[in-house]
Amino acid sequence: MSAASCLLSEDQFLCSICLDVFTDPVSTPCGHNFCKNCINEHWNSNDQYLCPLCKEVFYTRPKLLINTLLSEVVSHSSEQQAAKPGEVPCDVCTGTKLKALKSCLVCLTSYCETHLEPHMTKSGLKRHQLMDPVENLEDRMCMKHDKPLELFCKTDQTCVCVLCPVLDHKTHDVVPLKEEYEGKKAELGKTEAEIQKMIQKRQLKIQEIKHSVDLSEEAADREKAEGVMVFTALKESVERSLNELIETIEEKQRTTEKQAEDFIKELEQEISELKKRSSEVEKLSHSEDHLHLLQNFLSLKAAPPTKDWTEVIVRPPYEGTVVKAVAQLEETLSKQMKKLFEAELKRVQQYAVDVTLDPDTAHSWLILSADGKQVNYGDMWMNLPDNPERFSPCPCVLGKQSLSSGRFYFEVQVKEKTKWDLGVARESINRKGKITLSPKNGFWTIWLRNGNEYKAHNSSPVRLSLKSRPQKVGVFVDYEEGLVCFYDVDAAALIYSFTGCSFTEKLYPYFGPCNTDGGKNSAPLIICPVNQTV
């Protein structure tokens, strides 16, 4: 743009008739400028052709000349945008603030394109340091030396001017702002890349969680369907048993009524015979015929043949009917429960993992098989290093495999043993000194003592009543659900469940074969392959 445009004030861009920026500016013979439409309408509505500014009168309608220079200036000015919220405005503009194009670090002023023109054309201003427009230019000046902050002190991690290294930062490591900028920009690039990785990981986690919700919804639908099926079958069994019980009671009542009717009929028949005999006896007793009385006395003296009713009782035969019906229902429900537990066991067996024993955790009295699948109490102390992971003095061992999410399942043969401990333990458990098995101390276990005493070690020990002695125990863990279950594999029965657990660490399989108990407990605990054909 020419220098002339920089000398024009904002008022010179306004038409004196509409008081707005010129549209198609034209000049009158007297040298004044107006919008073309404005001056034409002004003359059309008046009897005289006079200039609205100087009042010069023209006797004929003057010819209007297009003001080319003013048109260019107005056109160029209209292309510049007013500063929007968040954008740096021009400090020189009055009225509408146009968007700043550059900021001068020497003048500490921001300029739009029009007001920046002198910095582009005048030699003295050309030497000024321009930069992309920013607010608060004072913050870019050294408060102590009133110089632009052009350097960076790496020692103090602050921006400084050219005088600071000479006066206040003599021995410090000072570099140009651009150099430090490039370094920090590279660091920001790395940071941005790391943040993007974190975002991607979290987006993947969101997808994983959403997928888990979908799987959970599918599992919930399956469980609901199975639950409806099972409880419908149970309801039908109960209703059927109730109907059978009512039918049995009603049948017994009908039998009782029939028996009572037969007894009453028989009794009434005997009463009729007795009344007849009574009438004959009475008649004979009033007879005056000596011979007749003596001849019939013997036949009438004897009572007619009747039944001895002393022991005859009509007793309702209902005793034990309800108990028997409940026992039969219990047997039916037990069979259905067994089928249910078989299905449940089959489901959890899908999460079977290949567990092996960790020799670094084994107590020195324990003997582990070469394949890491068996453990029993030995008769010789093993001289093993007393590392932090090893149990001492309790004869225990952990599995190598751990769980920190999801589900897992394993099976252990406890056949021919009179005592054992089994379950899972968290990573941070105490392995030295006396151990008290409980969830509070990081153990979720059950045990056998004296050959037939089973207990679950919850907050307080829970005695377990088992119908049969387990030969193989299955252990299932659902980390997120906070669930630890123990199953009698052969009987397909649930032994015990720890529910509502809060897991925050890795969980490891836990094994305690216990001492040999005088040879009665010499059999090992054996980790078995899981047979999913139950």
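Residues numbered from 1 in each chain as written. Predicted model: local features only at pLDDT ≥ 70, side-chain atom pairs only at ≥ 80, totals over all residues. Heavy atoms only, no water.

A. Region of interest: the side chain of Glu270. Position of Glu270 relative to the elements: it lies in helix H7 (residues 177–285). The buried charged residue Glu270 lacks any salt bridge, with Lys307 as its nearest oppositely charged partner at 7.0 Å. Setting aside residues up to four positions removed in sequence, Glu270 forms contacts with Thr306, Lys307 and Trp309. (Helix = DSSP H or I, 4+ residues; strand = E, 2+ residues; numbered from the N terminus. Buried < 20%, exposed > 50% of the residue type's maximum accessible area, 1.4 Å probe, protein only. Lys, Arg positive; Asp, Glu negative; His and termini not counted. Salt bridge = Lys/Arg side-chain N within 4 Å of Asp/Glu carboxyl O. Contact = heavy atoms within 4.5 Å.)

B. Region of the structure containing the layout of surface pockets. Reported here for the largest pocket is a volume of approximately 1000 Å³. Residue lining of the largest pocket: 31 residues in total, with Ala219, Arg347, Tyr351, Arg407 and Asp478 positioned closest to the centre. Among the elements that take part in the lining of the largest pocket, H7 stands out by supplying ten residues, more than any other. By residue class, the composition of the lining of the largest pocket is 14 nonpolar, six polar and eleven charged. (1 Å grid on protein atoms, 1.4 Å probe; cavity = no way out; pocket = protein on both sides within 12 Å on 5 of 7 lines; lining within 4 Å. Points joined across faces, edges and corners; volume = space filled by probe spheres on them. Nonpolar A, V, L, I, M, F, W, Y, C, P; charged D, E, K, R; others polar.)

C. Quick peek at the nonpolar core. Trp420, Ile446, Val473 and Phe511 are the most contacted members of the largest nonpolar core, which totals 35 residues. For Trp420, the contacting residues outside a window of four places in its chain are Val414, Ile446, Trp447, Leu448, Arg449, Tyr454, Val473, Gly512, Cys514 and Leu525. By size, the runner-up hydrophobic cluster in this structure holds 14 residues, among which are Val26, Phe34, Ile39 and Cys51. (Core = buried A, V, L, I, M, F, W, Y, C linked by side-chain atoms within 4.5 Å.)

D. Looking closely at the sheet that holds strand E13 (residues 374–377). One open sheet accounts for seven strands, arranged E12-E13-E24-E15-E20-E21-E22; its pairing is antiparallel. Strands at the two margins of the open sheet, each flanked by one partner only, are strand E12 (366–368) and strand E22 (493–498). Across the sheet, the mean angle from the axis of one strand to that of its neighbour is 20°, orientation sign disregarded. Pairing between strand E20 (residues 472–478) and strand E21 (residues 483–488): six bridges, direction antiparallel. (Pairing = 2+ DSSP bridges. Axes fitted to C-alpha atoms, helices over the stretch in contact; angles between N-to-C directions.)

E. Broad picture of the packing of H7 against helix H9 (residues 321–348). Axis separation between H7 and H9 bottoms out at 10 Å; the angle between their running directions is 165°. With respect to H9, the element H7 is oriented roughly antiparallel. The way H7 lies across H9 gives a crossing that is right-handed. Facing H7, whose interface residues are Glu223, Glu226, Val230, Ala233, Leu234, Ser237, Val238, Ser241, Leu245, Thr248, Ile249 and Lys252, H9 presents Thr321, Val322, Ala325, Leu329, Thr332, Leu333, Gln336, Leu340, Ala343 and Arg347. In the contact of H7 with H9, the residues fall into twelve nonpolar, six polar and four charged. (Parallel < 35°, antiparallel > 145°, perpendicular 65-115°, else oblique. Left-handed = near helix turned anticlockwise from the far one by under 90°.)

Geometric values such as these leave the question of function open.
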